[in-house]
Amino acid sequence: MSTESEIKALIALLDDSDPEVFDHVAARLLSYGPMVIDQLEDAYTTIPNPLMQERIEDIIHQIQFVGVSADLTKWAAQDNGDLLTGMLIITRHQYPELNEEQIRTTFARIQKDIWIGINTYLSPLEQMNVVNQSLFSQYGFTGLQQGDDESRFAYLNNVLDAFKGNHFALGLLYLALCQQLDMPVYGVCLSTHFILARTKDYITDFTQREENRADILFYINPYNKGLAFGDREIHTYLKRMQIQDEDKYFIPASNKEVLAEYVRHLITFIKKPSDSYKVEDLRDLEDILNA
């Protein structure tokens, strides 16, 4: 039997009431990986069987998630891997048909516009002002308005489509651009907010917390049009939020730490019991980043 014929035969058995038969069929389809997705999607639209459709959805999701997990594991094994690539991998969990090439093209255009305005004679603060001018004046990126779906605008593809995002998504976009432009800018996971830190030098060891904190020139709030500020404002914010001061709210984080915090942020948007599998998926991704 040809591969295509076997896949068709397996799909036809997806409505079998015997759990052992279904488990075998599902395992066999999963073993084929992404190559079976097109046929599964065709079957979903042509077979008016709710049970089969539900099972097909689940198998497609499992195949796609295996790919996301494998790619994130490979990314996490790098030494402070490229942030944009890591963001796209996580975005694919929510948007499996993500057009990564289109996103990279848009990102590269913004990056080039910033690069044109930057030269080695500018001070660190002046360089950040160039980034701010491009993002918030030229392109018009902004925070969310009342009524906007924050969960939607926590993802990079939607941010680039609508030129607006929540605090974490805008912060990640700003951070990824700075890193692509070879600026020493790092994420800071400030409890319920995400900010950035501009340092004097590049950080090679994120475990040197005291030294890295001393190396910070200023902090940046991308959600407030790139406003620069000092640690006094962080102390004030933590006090207002009734959060105890801790070093982690002041020190630069690695890209893995930033994306782990981002995944935890995404989990907070999942409320429906029917979406509980997404929470499990995201926790698996968080485990990969924390390993």
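A short tour of the structure in this document, coming up. (Residues numbered from 1 in each chain as written. Predicted model: local features only at pLDDT ≥ 70, side-chain atom pairs only at ≥ 80, totals over all residues. Heavy atoms only, no water.)

### So, the overall build of the protein chain
In terms of helices and strands, the protein chain carries 13 helices and four strands. C-alpha atoms of the protein chain, sized along the principal axes, occupy 70 × 40 × 40 Å. Across the 291 residues of the protein chain, 47% fall into the buried class. For the protein chain, contacts bridging at least 24 residues in sequence account for 58% of all contacts bridging at least 6. Total accessible area computed for the protein chain in this model is approximately 15300 Å², and 49% of it derives from carbon and sulfur atoms. (Helix = DSSP H or I, 4+ residues; strand = E, 2+ residues; numbered from the N terminus. Buried < 20%, exposed > 50% of the residue type's maximum accessible area, 1.4 Å probe, protein only. Contact = heavy atoms within 4.5 Å. Areas by Shrake-Rupley, 256 points an atom, 1.4 Å probe, with all protein chains shown as cover.)

### What about the environment of Ser17?
Structurally, Ser17 is set in the loop between helix H1 (3-12) and helix H2 (19-32). Each C-alpha atom of the pair Ser17 and Leu51 lies 9.9 Å from the other, and the pair is 34 residues apart in sequence.

### A closer look at the packing of helix H6 (residues 100-116) against helix H7 (residues 124-138)
Where H6 contacts H7, the axes come no closer than 8 Å and their chain directions differ by 130°. By the angle class used here, H6 and H7 are oblique. The way H6 lies across H7 gives a crossing that is right-handed. Residue-level inspection shows Ile110, Asp113 and Ile114 of H6 in contact with H7, the latter providing Val130, Val131, Ser134, Leu135 and Gln138. Its residues assigned to classes, the contact of H6 with H7 shows five nonpolar, two polar and one charged. (Axes fitted to C-alpha atoms, helices over the stretch in contact; angles between N-to-C directions. Parallel < 35°, antiparallel > 145°, perpendicular 65-115°, else oblique. Left-handed = near helix turned anticlockwise from the far one by under 90°. Nonpolar A, V, L, I, M, F, W, Y, C, P; charged D, E, K, R; others polar.)

### Considerations on the sheet that holds strand E3 (residues 216-221)
Strands belonging to one sheet form pairs held by backbone hydrogen bonds; the direction of such a pair is parallel or antiparallel. Spatially, four strands are ordered E1-E2-E3-E4 in an open sheet, and the strand pairing comes out antiparallel. Each having just a single partner strand, strand E1 (185-190) and strand E4 (227-229) make up the two edges of the open sheet. Taken pair by pair, the neighbouring strands of this sheet meet at an average axis angle of 35°, ignoring direction. In this sheet, strand E2 (residues 193-199) lies alongside E1 in antiparallel orientation, the contact comprising six bridges. Residue Val185 lies in a different strand from E2, and its bridge partner there is Arg198. Each of E1, E2 and E3 touches helix H9 (residues 167-180); the most contacted strand, E2, lies at about 20° to it. (Pairing = 2+ DSSP bridges.)

### Some words on the state of the cysteines
All chains considered together, the criterion is met by zero disulfides. Cys178 forms no disulfide, and the closest cysteine sulfur to it belongs to Cys189, at a distance of 16 Å. For Cys178, a relative accessible area of 0% puts it in the buried group. Judged by its relative accessible area of 15%, Cys189 falls in the buried class. (Disulfide = S-S within 2.5 Å.)

### As for the pairing of E3
Most of E3 is tucked away, with five of its six residues classed as buried. Pairing between E2 and E3: four bridges, direction antiparallel. From the neighbouring strand, Thr199 faces E3, where its bridge partner is Ile216. Bridging between E3 and E4 involves three bridges; their strand directions are antiparallel. Residue pairing across strands places Tyr219 opposite Phe229, the latter belonging to E4.

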